[in-house]
Amino acid sequence: MTLPGTPFLARDGAVLRLEGHALADLARRHGTPLYVYSRRAMLAALETYQRALRGRPHLVCYAMKANSSLAVLQTFAQAGCGFDIVSGGELARVLAAGGDAARVVFSGVGKTRTEMRQALHAGVRCFNVESVAELDHLNEEALALGRRAPVSLRVNPDVDAGTHPYISTGLKDNKFGIAHGQALAAYRHAASLPGLQVVGIACHIGSQITQLEPYLDALDRVLDLVEAVQAAGIAIHHVDIGGGLGITYTDEQPPRADELVARLLQRLDARGHGQRELLLEPGRSLVGNAGVLLTEVLYLKPGADEHAGGGGSGKNFCIVDAAMNDLMRPAMYDAWMAIEPCVQGDAPARRWDVVGPVCESGDWLGRDRQLAVAPGDILAVLSAGAYGMAMASNYNTRPRAAELMLDGEQVHLIREREDVASLFAAERLLPTGS
Ligand code: LLP
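Analysis parameters
Residues numbered from 1 in each chain as written. Predicted model: local features only at pLDDT ≥ 70, side-chain atom pairs only at ≥ 80, totals over all residues. Heavy atoms only, no water. Core = buried A, V, L, I, M, F, W, Y, C linked by side-chain atoms within 4.5 Å. Buried < 20%, exposed > 50% of the residue type's maximum accessible area, 1.4 Å probe, protein only. Helix = DSSP H or I, 4+ residues; strand = E, 2+ residues; numbered from the N terminus. Domains from an automatic or database assignment. Contact = heavy atoms within 4.5 Å. Pairing = 2+ DSSP bridges. Polar contact = N/O pair within 3.5 Å; in protein donor to acceptor, adjacent residues only side chain to side chain. Phe/Tyr/Trp six-rings, centres within 6.5 Å; stacked < 30°, edge-to-face > 60°. Lys NZ or Arg CZ within 6 Å of the ring centre and 35° of its normal. Near = heavy atom within 4 Å. Areas by Shrake-Rupley, 256 points an atom, 1.4 Å probe, with all protein chains shown as cover. Nonpolar A, V, L, I, M, F, W, Y, C, P; charged D, E, K, R; others polar. Buried area = accessible area lost by both parts, 1.4 Å probe. Salt bridge = Lys/Arg side-chain N within 4 Å of Asp/Glu carboxyl O. Axes fitted to C-alpha atoms, helices over the stretch in contact; angles between N-to-C directions. Parallel < 35°, antiparallel > 145°, perpendicular 65-115°, else oblique. Left-handed = near helix turned anticlockwise from the far one by under 90°. Arc of directions from axis to C-beta.

**Re the nonpolar core**
- In terms of nonpolar packing, the biggest core is built from 105 residues, with Tyr-62, Phe-76 and Phe-127 touching the most fellow members.
- Sort the elements by how many residues they give to this core and helix 8 (residues 213-231) lands first, with nine residues.
- For this core, the domains that each give at least three residues are domain 1 (9-38 + 288-423) and domain 2 (107-282).
- In contact with Tyr-62, other than residues within four places in its own chain, are Asn-67, Val-72, Leu-73, Phe-76, Cys-81, Gly-82, Phe-83, Asp-84, Pro-282, Gly-283, Leu-286 and Val-287.
- By size, the runner-up hydrophobic cluster in this structure holds 20 residues, among which are Ala-27, Val-36, Val-292 and Ala-338.

Below, the structure is given as C-alpha cells:
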C-alpha cells in the first residue's frame, strides 16, 4: 500500500517506519500523543525548492506558523533558509533557534507598534505591509528609532486559489493585502515617507493549493504592478510570491515544488524580470509530510447496530488519546488526514470514527475509516507535520504532546510533554476572604 507524502515513511511488513524507526516502539518509549518528525524529509523538501532556484537570486523564507518548534527552525536556519514570521513571538523563536533576522520577512495584517520596534531592532529583511494605516505606523516607529524600515506591500491579486474558504487569502473579499487597484497609490505614499524604504512587493493567495495556474495568474498581476510602480519612479527589488503549495493528504496531486519554481522563473523571464530576486514563503510543503501524530487506542465503542436490539447509532467509535486540542485540522477545516495502524494486526477491519477524549462532538481525527484496531494499538495520523503542534491548545486542560525529531539513527526529544502544573502556573487565586 502506498502512503501519502514522503518516501521516508514506509510500511515494512506489518510495521510502519519513519526514517527506519518503528513508530510503535517510539510511542511505547515516549508516550502518546506524540509528534514525530523526520529531519531528512524536511531537508529533502527544502532542497527541492533550493535546487530549482539555484543560480537565481532568491530566498526561501519558511512560513514558520506551520511548525514553529525550535529544532525545526534550527534545521531550516542551518540549511540557509530564511523565515516568514507573523508576530513578535515568532521573531523571538527564530532568534532563539539561531536564525538570521536579515533573512526574515514580517507578514501579517495586525502588527503592533511593539512588534514593529522589536523587528526594527532585530534588523529584519523586510516588512510585508498590508494596509496604508500600517505604513504610517511603521514610518513613525522607524523615525523614532532613527531607522528606515524596509517594506514590501502585500498586494491582493484577487485570484481564486481554489482552496478551502478559511485558507484562501488572495480574493478581494479577504482581509489580507492591499487591493490591486489601490496598490500604486499606496506605493506612492510609502515612497513619500522618510522612515520607509521600498524594497519589494509581496502576495500570498492561499494554502493547500494544488494547481499551478493560480500562482501564474498571481505573478502576472504582481508583475503588472511592479511595472506600473517602477514607471512611477519607485524601484522594486524583489518579488515575494508567498507560500501555499499543497501536499498529498489523500489523493491530491499538487505540482512538485521544483515544477512550481521552474514555471515561476519561466514567467519572470518571459516578462523580462529574469534578474529580479524571487522570494517564496512555503510552510506546509516543507514540513507537512515530514511528521506524524501517534496516538494510542483507549476504547472501542461499537455502535448500537452491533448489539442485539439496535435502536441507537450505527456508528463505531474508536476512542484514542489524541484529540482536537492536539490536532485541530479535522475539527476546524473538516480536513481529511490518513490514519494508519503502526503495526498491522489481524483483527477484522471495521468502519470506525476515530475520536478523542475532548468533550465536543466536533472532536474527531477521522470519520468512517476502515481499520483493524484493538485497545492498546498505536495509530499514526499522517501528514501531521504542518499546522499540527503549532495549532495545539490546552483545551480541557490537556498538556500538549511531546515531539521527537528523527535524524538517521538518532532520536531527539525536541519538546518534552507539557507538565500539568505549568498549565496554570501563571494563574492566581483570588485573595482568601474576598
Ligand atoms: N505566507 C503567508 C503570508 C501566509 O499567510 C501563509 C499561511 C504562508 C505563507 C504559508 O502557507 P503554506 O505554504 O503553509 O500553505 N492552518 C491552516 C493553514 C493556514 C495557512 C495560513 N497562512 C491549515 O491547517 O490548513
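More follows now that the structure is in view.
**As for the sheet that holds strand 1 (residues 9-12)**
- Pairing is antiparallel across the open sheet formed by three strands, whose spatial order is 1-2-3. Lying at the two open borders of the sheet, with one neighbouring strand each, are strand 1 and strand 3 (21-22).
- Summarising the sheet, strand 2 (residues 15-18) and strand 3 pair through two bridges and their orientation is antiparallel. When the sheet's bridge partners are listed, Leu-18 is paired in strand 3 with His-21.

**Focus on the side chain of Asp-363**
- Among the secondary structure elements, Asp-363 is positioned in the loop between strand 17 (350-355) and strand 18 (364-371).
- Reaching out from Asp-363, the side chain makes a polar contact with the backbone nitrogen of Val-358 at a distance of 2.8 Å.
- Those residues within four positions of Asp-363 in sequence are excluded, and the remaining contacts are Ala-323, Met-324, Val-355, Gly-356, Pro-357 and Val-358.

**What about the packing of aromatic side chains?**
- Taken as a whole and judged by the stated rule, the model has four aromatic pairs.
- Relative to Phe-76, the ring of Tyr-62 has its centre 4.6 Å away and its plane inclined at 45°; by these criteria the two rings are tilted. Linking Tyr-62 in strand 5 (residues 58-63) with Phe-76 in helix 3 (residues 70-78), this pair joins segments that are 14 residues apart in sequence. Here Tyr-62 matches Phe-76 in class, with each residue buried.
- Taken together, the ring pairs connect Tyr-62, Phe-76 and Phe-83 into an aromatic cluster.
- Over the ring of Phe-106 we find Lys-111; its NZ or CZ atom is 5.5 Å from the centre of that ring.

**A closer look at the site of the ligand**
- Surveying the vicinity of the ligand reveals 18 residues, the closest of which are Ser-207, Glu-281, Arg-329, Tyr-333 and Tyr-387.
- Within the backbone of Gly-283, one N or O atom sits 2.9 Å away from an oxygen atom of the ligand.
- Coverage of the ligand by the protein chains reaches 91% of its 590 Å² of free accessible surface.
- Its residues assigned to classes, the shell around the ligand comprises six nonpolar, six polar and six charged.

**Quick word on the domain arrangement of the chain**
- Under the domain assignment, the chain is made up of domain 1 (9-38 + 288-423) and domain 2 (107-282).
- Averaged C-alpha coordinates put domain 1 and domain 2 at centres separated by 36 Å.
- Across the contact, nine residues belong to domain 1 and seven residues belong to domain 2.
- Sorting the residues of domain 1 by area buried against domain 2 places Asn-289, Tyr-333 and Trp-336 first, and these three jointly supply 53% of that buried surface.
- In this structure, the connection of domain 1 to domain 2 is made through zero salt bridges.
- On the surface where domain 1 and domain 2 come into contact, there are one residue pair in polar contact (both at pLDDT 80 or more).

**Structural notes on the packing of helix 8 against helix 9 (residues 257-270)**
- Two numbers describe how helix 8 lies on helix 9: the axes approach to 10 Å, and their chain directions differ by 30°. In terms of their interaxial angle, helix 8 and helix 9 are classed as roughly parallel. Along this stretch, helix 8 crosses helix 9, giving a crossing that reads as right-handed. Of the residues in helix 9, those in contact with Tyr-215, Leu-216, Leu-219, Asp-220 and Leu-223 of helix 8 are Leu-260, Arg-263, Leu-264, Arg-267 and Leu-268.
- Class assignment of the residues belonging to the contact of helix 8 with helix 9 gives a composition of seven nonpolar, no polar and three charged.

**What to know about the environment of Val-109**
- Residue position: Val-109 is located in the loop between strand 7 (104-106) and helix 5 (113-122).
- Here the alpha-carbon distance between Val-109 and Gly-177, two residues 68 residues apart in the chain, equals 7.5 Å.
- Every residue in contact with Val-109, bar those within four places of it in the chain, is listed here: Glu-130, Glu-134, Lys-175 and Phe-176.

**With respect to helix 4 (residues 88-96)**
- Every buried residue of helix 4 is accounted for by Gly-88, Glu-90, Leu-91 and Val-94. Down the axis of helix 4, the buried set is contained in an arc of 155°. They therefore lie on one face.
- For helix 4, the side-chain oxygen to backbone nitrogen distance between the N-cap and Gly-89 is 3.3 Å, and the N-cap itself is Ser-87.
- Of the residues one or two after helix 4, Gly-98 is the one with positive phi, at around 90°.

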